[in-house]
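# Report on the structure
For reference, the chains in residue letters:
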Amino acid sequence: MFGLVSLAVALCVHQAAAHGGVLSYSIAGSWYQGWNPYNTPTGQTSIQRPWSSYNPIQDATDPTLACNDDGTSGALQLTATVAAGSKIIAYWNNPWPHPYGPQLTYLAQCPGTTCTGVNANTLKWFKIDQAGLLSGTVYNGQWGAGMMIANNNTWTTTIPKSVPSGAYLIRFETIALHSLPAQMYPECAQLTITGGGSLAPTSAELVTFPGGYSNSDPGLTVNIYTNEAQTMTTYPIPGPPLYAGATVTVPSQTGSGSPAPVSSTTTVGTTTKPATTTTTTTKTSASPTNTAGAAQYAQCGGQGWTGPTTCVSPYKCTVSNQYYSQCL
Ligand SMILES: *[C@@H]1O[C@H](CO)[C@@H](O)[C@H](O)[C@H]1NC(C)=O
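Because the structure is predicted, anything quoted here is derived from the model rather than measured. Per chain, the residues get numbers from 1 upward, laid out in the order the sequence is written. Local features in a predicted model are, by the rule used here, given only for residues with pLDDT of at least 70; side-chain atom pairs are given and counted only at 80 or more, and totals for whole chains, interfaces and linings are based on all residues. In computing side-chain properties, one takes all heavy atoms of the structure into account and sets aside hydrogens as well as water.

### Side note on the environment of leucine 191
To qualify as a helix, a DSSP run of H or I must reach at least 4 residues; to qualify as a strand, a run of E must reach at least 2; elements of each kind are numbered from the N terminus. The topology assignment puts leucine 191 in strand E11 (residues 183–194). In this scheme, a residue with accessible area under 20% of its type's maximum is buried, one over 50% is exposed, and one in between is partly exposed, where area comes from a 1.4 Å probe on protein chains only. Judged by its relative accessible area of 1%, leucine 191 is buried. Residues leucine 191 and cysteine 110, spaced 81 residues apart in sequence, show a C-alpha to C-alpha distance of 10.0 Å. Contacts: residue pairs with any heavy atoms within 4.5 Å of one another. When residues no more than four places from it in sequence are discounted, the contact partners of leucine 191 are Ile27, Thr79, Ala80, Val82, Ile88, Leu107, Ile159, Gly166, Ala167, Tyr168 and Ile170.

Dropping the structure here:
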């Protein structure tokens, strides 16, 4: 009996493997299993709000845009306690297949001492980090979602020290732009934030879901395959402006606490000039004759980076920001 159920679940997961969502979390170093949409809800305990399929949401007016389908608290709903200032790592399916699009993280405070039983559609959300087009063009640049993939399909966010203590939902989201309508993948988890500050989000920083996005938002309607996209170097990230207490716009994805990026172990080709590979800095492009180094799209530099700092020919190590350089 158990074997048959396991087999059925395995088949379902296999069929749905093209998409997915946040499957687990690491909060201040502790591991939290997410909800499994392809197991029976009975008996499941998680800090994550229940969701029911790996499919994307493709309509900004869909009520499930808040916390996926259906995003109400589970019968055995758990809540994680986390100190303001802590890091939370969200783990997506490995490998996440959609590198073109933004990453966004939101918080919403619940009115009482717990979010259990609170309808996510009634809450006001504020954005605590975002990463859109990091470098290059809309057509083939480096995106927040690509950075998530490069970091072992994880995204690390920091609970701002300034947020008031209390009960919150945290909403991690990746948006995929490889086809239209855009594909939104949000999941929520319940938190009790302790040791917080006193900087309440302003009304301009707060949105509802649905409501925070519109189906006509340029960030959701852009066609990344047009000729125009080949010269576009800016991308408007959907949603409200960042919360003023958000300390970073692109958090370090290679800092302590994050899993080692996949690319750190990927060295392609043979080293023909060992001296050059050990002295090249992250801000220096790889020598055109270099035949060793990281693969195309792999990380090759950034604060705290200890992996290869050169790229296989003909790619160049290109600085995205102080935390991230990539072979392009
Ligand atoms: C990458 O993530 C998977 C879960 O998707 C985890 O099991 C594995 O340990 C991670 N790898 C590293 C190097 O952190």
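### With respect to unusual backbone geometry
Geometrically, the link from leucine 180 to proline 181 is a cis peptide bond, its omega value of 0° lying close to zero. With respect to the helices and strands, the residue proline 181 is situated in the loop between strand E10 (166–176) and E11. Residues other than glycine seldom take positive phi values, yet asparagine 152 does so here, at roughly 60°. Examined against the element boundaries, asparagine 152 turns out to sit in the loop between helix H2 (144–150) and strand E9 (154–158). Here asparagine 152 falls in the partly exposed class, since its relative accessible area comes to 22%. Non-glycine residue asparagine 153 carries a positive phi angle of around 60°. Here asparagine 153 falls in the buried class, since its relative accessible area comes to 2%.

### Digging into the sheet that holds strand E5 (residues 103–109)
Strand pairing in a sheet relies on backbone hydrogen bonds, with the paired strands running either antiparallel or parallel. Any two strands with at least two DSSP bridges between them are considered paired. In space, the five strands of this open sheet follow the order E3-E11-E10-E5-E6, with mixed pairing throughout. Of all the strands in the sheet, the pair left with one neighbour each is strand E3 (80–83) and strand E6 (125–131). Adjacent strand axes in the sheet meet at a mean angle of 35° when their direction is disregarded. Here eleven bridges tie E10 to E11, and the two strands are oriented antiparallel to one another. Residue pairing across strands places glycine 166 opposite isoleucine 193, the latter belonging to E11. Note on method: axes are straight lines fitted to C-alpha atoms, helices fitted across the in-contact stretch only, with angles between N-to-C directions ranging 0 to 180 degrees.

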